[in-house]
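# Chain and residue survey
Residue strings, one per chain:
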Amino acid sequence: MAKFIELIVSEEFESKKELVNIASIGRIYPNPQSRVKSIVELNYQSVNDTPVYLEVDMAYETLRSSLMS
């Protein structure tokens, strides 16, 4: 059974909620420009073979602990 997490993803001038399959999350990083945001790398690539990254409105430690539980 697939598990999903609801993430608030920041784009240029707006934020939106997205459901992300936990199995598709590769790595997470703290955002070097903001203590309250994280970067999520997904396990798949875009159409032009570049990795897919999401900027998430959640602190790294909070995101990490929610993925561990």
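Figured I'd write up the structure that's included with this text. Note that the structure is a prediction, hence the values are computed from the model and not measured.

Successive residues of a regular strand alternate their side chains across the two faces of the sheet. Only one face of strand β5 (residues 51-56) is covered, namely the one carrying V52, L54 and V56; the face carrying P51, Y53 and E55 has none of its residues buried. Pairing of strand β4 (residues 38-45) with β5 involves 5 bridges; the strand directions are antiparallel. Across the sheet, the residue bridging to S38 is V56, located in β5. As consecutive antiparallel partners, β4 and β5 are separated by 5 residues, and within that stretch D49 has a phi angle of approximately 60°, a positive value.

All chains considered together, the criterion is met by 6 salt bridges. E18 is the salt-bridge partner of K16, the closest N and O atoms lying 3.7 Å from each other. Two residues, D57 and K37, come together in a salt bridge whose shortest N-O distance is 3.7 Å. Taken together, the residues span a long stretch of sequence, with D57 in the loop between β5 and α1 (60-68) and K37 in the loop between β3 (25-30) and β4 at a distance of 20 residues. The class of D57 is partly exposed, set by a relative accessible area of 28%. Members of the salt-bridge network, linked through shared partners, are E11, K16 and E18.

Spatially, the 5 strands line up as an open sheet ordered β2-β1-β5-β4-β3, and their pairing is antiparallel. Each having just a single partner strand, β2 (15-21) and β3 make up the two edges of the open sheet. Between one strand and the next, the sheet's axes are offset by a mean angle of 40°, whatever the strand orientation. With 5 bridges joining them, β3 and β4 adopt antiparallel strand pairing. By the bridge assignment for β4, R27 is matched with E41. Across the sheet, α1 lies against β1 (4-10), β3 and β4, angled at about 150° from β3, the strand it touches most.

Each value, and the rule that gives it
Counting restarts for each chain: residues are numbered from 1 in the order of the written sequence. It should be noted that, the model being predicted, local features are given only for residues of pLDDT at least 70 and side-chain atom pairs only at 80 or more, the latter also being counted only at that level, while totals for whole chains, interfaces and linings use all residues. With hydrogens and water stripped out, all remaining heavy atoms of the structure feed into the side-chain values. The rule is simple: take the accessible area with a 1.4 Å probe, protein chains only, and divide by the maximum for that residue type; under 20% is buried, over 50% is exposed, in between is partly exposed. Under the scheme used here, helices are H or I runs from DSSP no shorter than 4 residues and strands are E runs no shorter than 2 residues, and both carry numbers assigned from the N terminus. Each pair of strands is called paired provided DSSP finds at least two bridges between the two strands. What makes a salt bridge here is a side-chain nitrogen of Lys or Arg within 4 Å of a carboxyl oxygen of Asp or Glu, nothing more. A fitted line through C-alpha atoms serves as each axis, taken over the contacting stretch for helices, and the angle formed by two N-to-C directions is quoted from 0 to 180°. Residues count as neighbours in contact if any of their non-hydrogen atoms are within 4.5 Å of one another.

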